[in-house]
Amino acid sequence: MLSQVKEGEYNPYYGTYISKASHADIVEGLQSGKKEFTDFVNAIPLEKWSYAYADDKWSVAEVLQHLIDTERIFSYRALRFARNDKTPIVGFDQDNYVPYSNANNYSKEDILSDFEAMRNSSIALFRSFTDEMLGMIGEASGSPMSARAAGYILLGHQVHHFEVIEERYL
């Protein structure tokens, strides 16, 4: 989806995520990704739930909670940008979030419930945006970002972490 997002709408760091987004329409991608997330989580063997492939790596449950936390943050960013809020948004340190997520104590049902609530909110939010709103640009982590870029980042971020889980955890 890199072709959908114009130069200057995001920090090049996010290009990897945006390029993994396979839907031209963000709302359709979020809806499709909701089912993919549910199917993916349900297919994870229970014995892998708290597994981490190295001492300094997150568990499967922590990676999934990271996806939910990131969606909260990027949906908030998209809302701010779409409303033409020009106040710079500071970054967040994902590595500081994980130890306080309590994810390893969550069941699959807990993760799925949290994800479904968040994803439904994201779908409603992005559905409310006009094309003009999607193109609005704000600042996050010292770089420009559009509401549209935030949406594509969410789509590709999910794909990225599913690939990591499949390659290194399962």
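Heads up: the structure comes first, above all this text.
## Observations concerning the pattern of salt bridges
In step 1: Considering all chains together, one arrives at 7 salt bridges under this definition.
In step 2: Close ionic contact of Lys20 with Glu163 constitutes a salt bridge, the shortest N to O distance being 2.6 Å. Pair noted here: Lys20 is in helix 1 (residues 15-20) and Glu163 is in helix 7 (residues 147-168), with a separation of 143 residues, a long-range link.
In step 3: According to the relative accessible area criterion, Glu163 is partly exposed, its value standing at 30%.
In step 4: A salt bridge links Lys35 to Asp39; the nearest nitrogen and oxygen atoms lie 2.7 Å apart. Of this pair, Lys35 and Asp39 both sit in helix 2 (residues 26-43), 4 residues apart, which is roughly one turn of that helix.
In step 5: By relative accessible area, Asp39 is classed as partly exposed at 40%.
In step 6: Through salt bridges with shared partners, a single network forms among Asp69, Arg72 and Asp114.

## Description of the environment of Arg72
In step 1: With respect to the helices and strands, Arg72 occurs in helix 3 (residues 60-82).
In step 2: Given a relative accessible area of 36%, Arg72 falls into the partly exposed group.
In step 3: As a C-alpha pair, Arg72 and Leu112 span 40 residues in sequence and 15 Å in three-dimensional space.
In step 4: Once you skip the residues sitting within four places of it in the chain, Arg72 turns out to touch Gln65, Asp114 and Met118.

Rules used in this analysis
- Residues numbered from 1 in each chain as written.
- Predicted model: local features only at pLDDT ≥ 70, side-chain atom pairs only at ≥ 80, totals over all residues.
- Heavy atoms only, no water.
- Salt bridge = Lys/Arg side-chain N within 4 Å of Asp/Glu carboxyl O.
- Helix = DSSP H or I, 4+ residues; strand = E, 2+ residues; numbered from the N terminus.
- Buried < 20%, exposed > 50% of the residue type's maximum accessible area, 1.4 Å probe, protein only.
- Contact = heavy atoms within 4.5 Å.

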